[in-house]
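Chain by chain, the residues run as shown.
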Amino acid sequence: MKLKITAGPFVFDAVLETEKAPETCKSFAAHLPFRSQVVHVRWSGEGVWIPLGDKDFGVGYENHTSYPAPGQFILYPGGISETEILLAYGGVHFASKMGQLAGNHFITVTSNLDKLHELGTMALWKGAQDIVFEKAE
């Protein structure tokens with residue numbers, strides 16, 4: 001499934017990684033359109049995240065990593081830290097105050113990768129940015 005992601009003033013094309021993370025993609029797709037805000041990460045490096053508290057997507061680990069590449073979204077399903085979605089825009093070593101975490105790589109950005117760093121620094125210096133995930137037409 002192709003997605004359109006609007007984050008701050010930027011629009012990105014993306015794909016759900018349905019073959020690599022089928023359960024995560026199925027669960028997330030059921031929540032589309034998904035609206036929230038991204039803020040800059042605290043522990044993980046060059047990334048933005050969506051803190052989701054105790055939201056339960058009903059998935060375990062699949063296609064999980066602690067080192068997402070720029071343009072990769074990962075979903076941490078909760079456990080020792082709160083549920084969250086993270087987007088890497090540079091070097092990331094996914095962690096929380098509890099230590100290293102791993103999240104399911106379930107979305108890959110396919111356009112405007114050169115705007116990811118701008119989004120990240122905007123969230124760092126100007127604060128939370130709105131984000132909307134929706135099916136692409």
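Up top is the structure.
Scope of this entry: the structure provided in the associated data block.

Thoughts on the packing of aromatic side chains
Here's step 1: Inspection of the entire model under this criterion finds nine aromatic pairs.
Here's step 2: Aromatic side chains phenylalanine 28 and phenylalanine 57 sit 6.3 Å apart centroid to centroid with 35 degrees between the ring planes, which places their arrangement in the tilted category. Here phenylalanine 28 is found in helix H1 (residues 22-29), whereas its partner phenylalanine 57 is found in the loop between strand E4 (45-51) and strand E5 (64-65), with 29 residues between them in sequence. An identical accessibility class is assigned to phenylalanine 28 and phenylalanine 57; each is buried.
Here's step 3: Three or more aromatic residues link up through ring pairs in this structure, and these residues are Phe28, Phe34, Phe57, Phe73, Phe106 and Phe133.
Here's step 4: Across from the ring centre of phenylalanine 57, 5.3 Å away, lies the NZ or CZ of lysine 55, which sits over that ring.

Digging into the pairing of strand E11 (residues 129-135)
Here's step 1: Relative to E11, strand E1 (residues 2-7) runs antiparallel, the two being bridged by five bridges. For isoleucine 5, the partnering residue across the bridge sits in E11 and is phenylalanine 133.
Here's step 2: Sheet analysis places strand E3 (residues 34-40) next to E11, joined by five bridges and oriented antiparallel. Each residue of the ladder has a partner; that of valine 38, found in E11, is glutamine 129.

Overview of the layout of surface pockets
Here's step 1: Approximately 190 Å³ is the volume found for the largest pocket.
Here's step 2: Together, 14 residues line the largest pocket, and Arg42, Trp43, Trp49, Ser81 and Ser96 are the ones closest to its centre.
Here's step 3: Where the lining of the largest pocket is concerned, the elements lending two or more residues are strand E7 (84-92) and strand E8 (95-96).
Here's step 4: Classifying every residue of the lining of the largest pocket gives seven nonpolar, three polar and four charged.

Focus: the environment of lysine 20
Here's step 1: Examined against the element boundaries, lysine 20 turns out to sit in the loop between strand E2 (10-16) and H1.
Here's step 2: Linking lysine 20 and asparagine 104, residues 84 residues apart in sequence, is a C-alpha distance of 9.1 Å.

Some words on the environment of valine 59
Here's step 1: Here valine 59 is to be found in the loop between E4 and E5.
Here's step 2: The exposure class assigned to valine 59 is buried, which follows from its relative accessible area of 16%.
Here's step 3: As a C-alpha pair, valine 59 and glycine 8 span 51 residues in sequence and 28 Å in three-dimensional space.
Here's step 4: Those residues in contact with valine 59 that lie beyond four places of it in its chain are Glu23, Thr24, Ser27, Leu75, Pro77 and Asn104.

Reading guide: rules and limits
Residues numbered from 1 in each chain as written. Predicted model: local features only at pLDDT ≥ 70, side-chain atom pairs only at ≥ 80, totals over all residues. Heavy atoms only, no water. Phe/Tyr/Trp six-rings, centres within 6.5 Å; stacked < 30°, edge-to-face > 60°. Helix = DSSP H or I, 4+ residues; strand = E, 2+ residues; numbered from the N terminus. Buried < 20%, exposed > 50% of the residue type's maximum accessible area, 1.4 Å probe, protein only. Lys NZ or Arg CZ within 6 Å of the ring centre and 35° of its normal. Pairing = 2+ DSSP bridges. 1 Å grid on protein atoms, 1.4 Å probe; cavity = no way out; pocket = protein on both sides within 12 Å on 5 of 7 lines; lining within 4 Å. Points joined across faces, edges and corners; volume = space filled by probe spheres on them. Nonpolar A, V, L, I, M, F, W, Y, C, P; charged D, E, K, R; others polar. Contact = heavy atoms within 4.5 Å.

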